[in-house]
Amino acid sequence: MNTLFKALVLFAFTVNGVAETKQPHPKVKLDFNPPHKLTCDFEDVIFNSNYETGRISSCEKLASDHYLISTYPENKPINPSPWYGFSVTSNNENAKQIIVEIQADNSRPRYLPKLSSDKAHWEPMNFEVVQGNLILSMTVGANKSVQYVSAQEIIDNAMYQQWNKKIADNSSFELQTIGESVEGRNIDALIHTQPDNTEWLFIVGRQHPPEITGALALLNFVEALLGENTANTQLFERFNILIVPLVNPDGVAAGNWRHNSNGIDLNRDWGRFTQPETRVVHNKLGELMRENHKLVFALDFHSTQQDIFYTMPTDYIPIKHKRLNIEKGVMPNLFVEEWLSDLKQETVRSFTVRDRPGSSPGRGVFKQFIADEYGVHAVTYELGDNTNRQLIKHTAKASADTLVNKLLNTDASQFKIQ
Ligand SMILES: [Zn+2]
């Protein structure tokens, strides 16, 4: 987007006196691909999405204290995950109630609104859904400082950088920038190695920007691996670990619904590698899996409507094995089934472990690519959008503990086809 165009659009939205429209809920028609970083200055109330993860595609004042905010996707077709994020400020000396209505392009609300004054502590907001729009009521003014409304908690690039550094400073993980995104943001990896280790565990996350519960699960999972206990010590003694917590930094910065800044779903690009983000991660993996090094298992963290583990079917024969004319499934065949059964026992009555085996060859999905290329299991670890955050942490710890035990109890030979 060129600056002049941006300025024009900003000007258009900052002109006061937008005609008041009769309710209910007009649909805003936009005949251009809108920017998503806007300042909408209605004098007494100002909405702004000009920060990482912020997203407003248009604003309108419908009545004196009633505002309509729209969010549009980066491009189409797209999986409908209408993300929104904006700050609200008011210079009013007296407190007043306003109604903020959030309209998504052709889709129903997926994320329940949250409120924060510091982007760190979030509270659920009361809301209603009327004709597919989210209706929020909030108090502004009375020197109330800035408030943030967001589809989910904010985890932006800066927060990942801080977290990565904290992990690297306090563990054997080394922090490495392994490449750049389309817009030149760093793609960072945490890498643990020991000279004699040849087996690798591989973890990726945040291919899809709005999937915060999956992002939280990844952070919790890695922190659980770093908990001090004998099993974790043995894990680090035997295995190397590659973690890429944020595969789509541009999408996160933009507040995208799903894609990277080329408008591509990164979790449909594995095997094709048309995008710098997937290429960078794949190149690093290739570089590490040299000589006798062996990937043994991979995890990819996401969010969807409910908690689900998408797994490889036990009867699926990877492309790698077919090429070698070996009629063997993913190695070791029952590894994931047994891991999830252990997890089920650990979390019984607090969490529902749903194991959904499936294969989708050629569709560019990470887990499928890993199974086909390396002949080992990979799992898409999905959290529900609204899963309780403490339960995500509890389950991530149980997942990590049971997985570590499963890895330690599996002999290196069992990950190989020969
Ligand atoms: Zn996803």
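About the criteria used
- Residues numbered from 1 in each chain as written.
- Predicted model: local features only at pLDDT ≥ 70, side-chain atom pairs only at ≥ 80, totals over all residues.
- Helix = DSSP H or I, 4+ residues; strand = E, 2+ residues; numbered from the N terminus.
- Rg over C-alpha atoms; globule rule 2.2 N^0.38 Å.
- Buried ≥ 20, exposed ≤ 12 C-beta atoms within 10 Å, placed from the backbone.
- Contact = placed C-beta atoms within 7 Å.
- pLDDT = per-residue confidence, 0-100.
- Pairing = 2+ DSSP bridges.
- Axes fitted to C-alpha atoms, helices over the stretch in contact; angles between N-to-C directions.
- Domains from an automatic or database assignment.
- Nonpolar A, V, L, I, M, F, W, Y, C, P; charged D, E, K, R; others polar.
- Core = buried A, V, L, I, M, F, W, Y, C linked by C-beta atoms within 7 Å.
- Parallel < 35°, antiparallel > 145°, perpendicular 65-115°, else oblique.
- Left-handed = near helix turned anticlockwise from the far one by under 90°.

J.: Honestly, the overall build of the chain in this entry has me stumped. Any pointers?
T.: The helix and strand inventory of the chain stands at 10 helices and 19 strands. What you see for the chain is a C-alpha radius of gyration of 23 Å, in line with the 22 Å of a compact globule of 418 residues. The dimensions of the chain, computed from C-alpha atoms along their principal axes, are 75 × 40 × 40 Å. Buried residues in the chain amount to 42% of all 418 residues. Residue pairs in contact within the chain that sit at least 24 positions apart in sequence constitute 75% of those at least 6 positions apart.

J.: I would appreciate a short explanation of the confidence of the model for the chain in the present structure.
T.: Segments scoring low in pLDDT should not have their predicted coordinates read at a detailed level. Looking at the chain as a whole, its pLDDT mean stands at 92, while 92% of the residues score no less than 70. Below a pLDDT of 50 lies the segment residues 1–32, which in the model reaches 34 contacts outside its immediate sequence neighbourhood of four places, other chains included.

J.: Looking at this structure, I do not really get the sheet that holds strand β10 (residues 133–140). What am I missing?
T.: Spatially, the 5 strands line up as an open sheet ordered β3-β4-β6-β10-β9, and their pairing is mixed. The sheet is open, and its two edges are formed by β3 (58–63) and β9 (127–130), each paired on a single side. Going across the sheet, the axis of each strand differs from the next one's by a mean of 30°, ignoring polarity. Pairing between strand β4 (residues 66–71) and strand β6 (residues 96–104): 6 bridges, direction parallel. Across the sheet, Thr-71 pairs through a bridge with Ala-104, a residue of β6.

J.: Explain the domain arrangement of the chain here, please?
T.: When the parts come together, some accessible area is lost, and that loss is often what is quoted as the size of the interface. Here the chain is partitioned into domain 1 (3–150) and domain 2 (157–415). At the interface, 18 residues of domain 1 touch 14 residues of domain 2. When its residues are assigned to classes, the side of domain 1 that touches domain 2 shows 6 nonpolar, 8 polar and 4 charged.

J.: Is there a simple way to explain the nonpolar core in this structure?
T.: Across soluble globular proteins, nonpolar side chains show a tendency to be buried alongside one another. Core analysis: the largest hydrophobic core is formed by 75 residues, its most contacted members being Ala-217 and Val-376. Per-element tally for this core: the top contributor is helix α3 (residues 212–225), with 10 residues. Setting aside chain neighbours within four positions, we find Val-376 in contact with Leu-295, Val-296, Phe-297, Val-330, Met-331, Ile-370, Ala-371 and Phe-415. Counting 24 residues, the second largest nonpolar core, distinct from the first, contains Cys-40, Tyr-67, Leu-68 and Trp-83.

J.: Could you clarify how one ought to interpret the environment of Trp-83 in this entry?
T.: Structurally, Trp-83 can be placed in the loop between β4 and β5 (85–89). Separated by 67 residues in the primary sequence, Trp-83 and Ser-150 have C-alpha atoms spaced 8.0 Å apart. Beyond its immediate sequence surroundings of up to four residues, Trp-83 is in contact with Arg-55, Thr-71, Tyr-111, Ala-151, Pro-209, Pro-210, Gly-255, Asn-256 and Trp-257.

J.: Which parts of the structure should I look at to understand the pairing of strand β16 (residues 294–304)?
T.: Side chains on a regular strand alternate between the two faces of the sheet. Most of β16 is tucked away, with 9 of its 11 residues classed as buried. Examined bridge by bridge, strand β14 (residues 199–205) and β16 share 7 bridges and lie parallel to one another. Note on β16: the bridge partner recorded for Trp-200 is Leu-295. Relative to strand β19 (residues 378–384), β16 runs parallel, the two sharing 7 bridges.

J.: What exactly am I supposed to notice about unusual backbone geometry here?
T.: Excluding glycine, residues mostly carry a negative phi; peptide bonds, for their part, are mostly trans. Here the residue pair Lys-76 and Pro-77 is connected by a cis peptide bond, since its omega of 0° sits within 30 degrees of zero. Along the chain, the position of Pro-77 falls in the loop between β4 and β5. A cis amide bond links Met-331 with the next residue in sequence, Pro-332, at an omega value of -20°. When you line up the elements, Pro-332 lands in the loop between α7 (319–323) and α8 (335–347). The backbone of Glu-43 shows a phi angle near 70°, a positive value even though the residue is not glycine. Considering the arrangement of structural elements, one finds Glu-43 in the loop between β1 (39–41) and β2 (46–48). Look at Glu-43 and you get exposed, because 12 C-beta atoms sit within 10 Å. Despite not being glycine, Gln-131 shows a phi value in the positive range, around 50°.

J.: Help me understand the sheet that holds strand β13 (residues 186–192), please; the structure alone is not making it clear to me.
T.: Hydrogen bonds along the backbone pair up the strands of a sheet, which may run parallel or antiparallel. The sheet built from 8 strands is open, its strands ordered β12-β13-β15-β14-β16-β19-β17-β18 with mixed pairing. Unpaired on one side and paired on the other, β12 (174–180) and β18 (355–357) mark the two borders of the sheet. Adjacent strand axes in the sheet meet at a mean angle of 20° when their direction is disregarded. Pairing geometry for strand β17 (residues 308–311) and β18, over 3 bridges, is parallel. Across the sheet, the residue bridging to Tyr-310 is Arg-356, located in β18. Along the sheet face, helix α6 (residues 276–288) touches β12, β13, β14 and β15 (239–244) and points at about 130° away from the line of β12.

J.: Would you mind showing me how to read the pairing of β6 here?
T.: In the sheet, β6 pairs with β10 via 7 bridges, with the strands oriented antiparallel. Its bridge partner being in β10, Ile-99 is matched across the sheet by Ser-137.

J.: I tried to follow the environment of Pro-357 on my own but got confused; where do I start?
T.: Mapped onto the elements, Pro-357 comes out in strand β18. Using a count of 14 C-beta atoms within 10 Å as the deciding quantity, one classes Pro-357 as partly exposed. Separated by 20 residues in the primary sequence, Pro-357 and Glu-337 place their C-alpha atoms 9.5 Å from one another. Ignoring any residue separated from it by four or fewer positions in sequence, one finds Pro-357 in contact with Thr-311, Met-312 and Pro-313.

J.: Got a minute to help me understand the packing of α8 against helix α10 (residues 389–408) in this structure?
T.: A packed helix pair is summarised by two numbers, namely the angle formed by the two axes and the spacing between the axes. At a minimum axis distance of 9 Å, the contact between α8 and α10 shows a crossing angle of 135°. Classified by the interaxial angle, the pair formed by α8 and α10 is oblique. Of the two elements, α8 crosses α10, and the hand of that crossing is right-handed. Packed against α8, whose contacting residues are Phe-335, Glu-338, Trp-339, Asp-342, Leu-343, Glu-346 and Thr-347, the element α10 presents Thr-395, Ala-398, Ser-399, Thr-402, Leu-403 and Lys-406 at the interface. Residues belonging to the contact of α8 with α10 are distributed by class as follows: 5 nonpolar, 4 polar and 4 charged.

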